Amino acid sequence: MTYQLRDLKDTVVAITGATSGIGKAAAEQLVELGAKVALGARDGDRLNGVVEQLGADNAVAVPMDVRSVEDNQKLIDAAVSKFGKLDSIVPNAGIGMYGSILDHTDDELRRMMHTNYDGTVWTVRAGVPAMLKTTGAGDIVIVSSVAGFRGGGDEAVYAGTKFAQVGLAGSLDRELREKGIRVTAVCPAGVGTEFAVGAGRVDNDPRFAEWLVADDVAYAIVTVLQQPRSVRTTVWQMWSMGQQS
Ligand SMILES: NC(=O)c1ccc[n+]([C@@H]2O[C@H](COP(=O)([O-])OP(=O)(O)OC[C@H]3O[C@@H](n4cnc5c(N)ncnc54)[C@H](OP(=O)(O)O)[C@@H]3O)[C@@H](O)[C@H]2O)c1
């Protein structure tokens with residue numbers, strides 16, 4: 001039997017956190033397969049650089065903060081207005097801080113909770129009506145973490161936001177499956193991106209050599225989207241061979 005993966009040519013995908021790391025790698029892989037991408041992040045200059053790299057016919061940049069309801073709507077509206085429809089959303093933007101809950105400022109904790117969890121909710125709220133209206137189906141691929149299953153001693157609040165995303169994804173799957181929307185939580189272990197610098201690790205830390213790379217996770221996102229519409233992936237946990245589960 002030949003397993004027929006979905007052709008992603010002309011699929012329209014909105015991605016948050018697309019200036020670097022996993023979000024940028026996902027945008028690159030999707031465009032290589034002929035998809036169109038609407039890209040959100042705060043740093044407009046950097047975002048424009050990514051669009052320039054991918055080609056203005058394939059990508060649109062929307063400077064936005066995922067903590068803002070209105071900004072999420074702007075991202076979704078830009079996808080539909082530039083490409084005529086919306087097939088999928090990838091709520092990926094996230095920040096992490098390592099250390100004791102007692103050592104962070106109130107503002108740092110608030111920023112992490114609002115970016116990682118609220119931001120995901122707002123992207124979903126804006127994206128679902130647009131997917132249903134323009135394609136009558138859709139995909140939501142939330143980038144959570146293995147920290148969303150087992151926590152971590154030096155990242156309690158971060159892990160809490162990642163548990164929340166996994167819970168949201170599972171609940172949305174129950175709510176949206178009947179409408180033709182598939183919901184997945186992609187949950188990587190450590191990935192050697194800008195995000196991972198901290199807790200004694202520095203840029204180009206040799207320990208990153210053992211870790212996943214952004215393209216590994218981007219490939220998981222793409223593979224989830226490529227599954228035939230008769231199949232859905234609810235959770236994809238992933239580690240490199242060098243990482244202890
Ligand atoms: N790296 C890891 O070890 C690891 C492991 C498991 C899961 N993850 C998850 O993977 C996701 C992506 O992380 P990454 O590793 O690719 O990190 P990254 O390279 O630091 O990318 C994070 C992206 O999020 C954007 N962002 C941050 N705050 C934002 C906000 N308020 N509004 C809009 N965009 C915002 C950043 O762009 P701007 O600064 O321009 O806004 C950037 O594009 C995160 O959700 C993270 O929790 C990462």
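Computed from a prediction, not measured in an experiment: that's the story for all the values here.

Counting residues in hydrophobic clusters, the biggest one holds 68 residues, and the most contacted among them are Ala26, Ala27, Leu39 and Ile221. It is helix H7 (residues 214–226) that contributes the most residues to this core, 8 residues altogether. Those residues in contact with Leu39, other than ones at most four positions away along the chain, are Ile15, Ala18, Ala27, Leu47, Val50, Val51, Ala59, Val60, Ala61 and Val62.

Turning next to helix H2 (residues 44–54). In an α-helix, one turn spans 3.6 residues, which is why side chains three or four residues apart end up on the same side. Along H2, the positions that sit buried rather than exposed are Leu47, Val50 and Leu54. Angular distribution of buried residues about the axis of H2 spans 55°; they occupy a single face of the element. Residues of H2 that are exposed and point over 90 degrees away from its buried face: Asp45 and Glu52. Turning to H2, the residues buried within the fold contact helix H1 (21–32), strand E2 (36–41) and strand E3 (59–63). One or two residues past the end of H2 sits Gly55, with phi positive at roughly 100°.

On to the packing of helix H4 (residues 106–134) against helix H6 (residues 156–176). Relative to each other, H4 and H6 sit at 15°, their axes nearing to 9 Å. Taken together, the axes of H4 and H6 lie roughly parallel to each other. The two elements H4 and H6 cross, and the hand of that crossing is right-handed. In contact with Leu109, Met112, Met113, Asn116, Tyr117, Thr120, Val121, Val124 and Val128 of H4, H6 contributes Val157, Tyr158, Thr161, Ala164, Gln165, Leu168, Leu172 and Leu176. In terms of residue class, the contact of H4 with H6 is built from 13 nonpolar, 4 polar and no charged.

The end-to-end C-alpha separation of H6 is 30 Å, in line with the 30 Å expected for 21 residues at 1.5 Å each. Taken residue by residue, H6 has Tyr158, Ala159, Thr161, Lys162, Gln165, Val166, Leu168, Ala169 and Leu172 as its buried positions. Taken together, the buried residues of H6 touch H4, strand E5 (138–143), helix H5 (147–150) and strand E6 (181–188).

The next point concerns the sheet that holds E3. Read from one edge to the other, the open sheet built from 7 strands follows the order E3-E2-E1-E4-E5-E6-E7, with strand pairing classed as parallel. The open sheet has two edge strands, E3 and strand E7 (235–238), and neither has a second partner. Adjacent strand axes in the sheet meet at a mean angle of 15°, parallel and antiparallel pairs treated alike. Both strand E1 (residues 12–16) and E2 contribute to a ladder of 5 bridges, which runs parallel. When the bridges of E2 are listed, Thr16 appears paired with Gly40.

What counts, and where the lines are drawn
- Residues numbered from 1 in each chain as written.
- Predicted model: local features only at pLDDT ≥ 70, side-chain atom pairs only at ≥ 80, totals over all residues.
- Core = buried A, V, L, I, M, F, W, Y, C linked by C-beta atoms within 7 Å.
- Buried ≥ 20, exposed ≤ 12 C-beta atoms within 10 Å, placed from the backbone.
- Helix = DSSP H or I, 4+ residues; strand = E, 2+ residues; numbered from the N terminus.
- Contact = placed C-beta atoms within 7 Å.
- Arc of directions from axis to C-beta.
- Axes fitted to C-alpha atoms, helices over the stretch in contact; angles between N-to-C directions.
- Parallel < 35°, antiparallel > 145°, perpendicular 65-115°, else oblique.
- Left-handed = near helix turned anticlockwise from the far one by under 90°.
- Nonpolar A, V, L, I, M, F, W, Y, C, P; charged D, E, K, R; others polar.
- Expected span 1.5 Å × (residues − 1).
- Pairing = 2+ DSSP bridges.

These results come straight from atomic positions and should not be treated as a statement about function.
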